[in-house]
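Architecture and fold: a report
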Amino acid sequence: MPKILKPKEMRKCLGCFACMNVCSVINQNNHSLIKSAIRVRTSGGMSGNFIAIVCLGCEEPACMEICPTNALEKRKGGGVIVKKEKCIGCRKCEEACIVSAVNFDEETKTPIICSHCGLCARYCPHECLIMIESKEGNCA
């Protein structure tokens, strides 16, 4: 069964950004954290807890539905796969995401969206992220 990424124990997160770094390196061939599909931020300044902003793996993704060129294709188990060659850089997918999990690559003018590969979870030293079996009704 397909799996999707979920934050699990974010109270353990130290903000090391290992998840963001491995995502950028493996999926974008770049060491810049802004090229990551996952975002780790504080929920209240330097003393707040960390939160992870990641694609929810929607069964009916709003980002895909609004795309005028069909550059986003439904992923089995939820979420989307980006077909960069079809993208015109309109950023409508970014605006449509209900959790702001679509990041935009200013260099390539294409969206960066989590493909739920699980590498970020594997490299998180504190197991703050996990892969779970996908269920019907994500984003409901």
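Residues numbered from 1 in each chain as written. Predicted model: local features only at pLDDT ≥ 70, side-chain atom pairs only at ≥ 80, totals over all residues. Heavy atoms only, no water.

When you go through the protein residue by residue, the secondary structure sums to four helices and eight strands. The order of α-helices and β-strands along the protein, N terminus first, is β-α-β-β-α-β-β-α-β-β-α-β. Whereas a compact globule of 140 residues would reach a radius of gyration of roughly 14 Å, the protein reaches 14 Å, a difference of no more than 12%. Along the longest, intermediate and shortest principal axes, the C-alpha atoms of the protein span 40 × 35 × 25 Å. Looking at the protein residue by residue over its 140 residues, the buried ones come to 44%. Accessible surface computed for the protein: about 7800 Å², of which carbon and sulfur atoms make up 52%. (Helix = DSSP H or I, 4+ residues; strand = E, 2+ residues; numbered from the N terminus. Rg over C-alpha atoms; globule rule 2.2 N^0.38 Å. Buried < 20%, exposed > 50% of the residue type's maximum accessible area, 1.4 Å probe, protein only. Areas by Shrake-Rupley, 256 points an atom, 1.4 Å probe, with all protein chains shown as cover.)

Core analysis: the largest hydrophobic core is formed by 32 residues, its most contacted members being Leu5, Ile38, Leu72 and Leu129. At the level of elements, α1 (18–28), β3 (50–53), α2 (62–66), β5 (80–82) and α4 (119–123) are the ones that each hand at least two residues to this core. Per-element accounting of this core gives the leading share, four residues, to α1. Beyond its immediate sequence surroundings of up to four residues, Leu129 is in contact with Leu5, Lys6, Pro7, Lys8, Met10, Cys19, Ile38, Ala52, Cys120, Ala121 and Cys124. (Core = buried A, V, L, I, M, F, W, Y, C linked by side-chain atoms within 4.5 Å. Contact = heavy atoms within 4.5 Å.)

The next point concerns empty space enclosed by the protein. Once rolled over the atoms, a probe with the size of a water molecule shows which space is left empty. If you walk through the whole model with that rule in mind, you get two cavities of 30 Å³ or more. Counted as a void, the largest cavity has a volume near 100 Å³. Lining the largest cavity we find 15 residues, and of these Cys13, Cys16, Cys19, Cys124 and Cys128 sit closest to its centre. Its residues assigned to classes, the lining of the largest cavity shows 13 nonpolar, two polar and no charged. Within this model, the second largest cavity holds a volume of roughly 90 Å³. Grouping the amino acids of the lining of the second largest cavity by side-chain chemistry returns nine nonpolar, two polar and two charged. (1 Å grid on protein atoms, 1.4 Å probe; cavity = no way out; pocket = protein on both sides within 12 Å on 5 of 7 lines; lining within 4 Å. Points joined across faces, edges and corners; volume = space filled by probe spheres on them. Nonpolar A, V, L, I, M, F, W, Y, C, P; charged D, E, K, R; others polar.)

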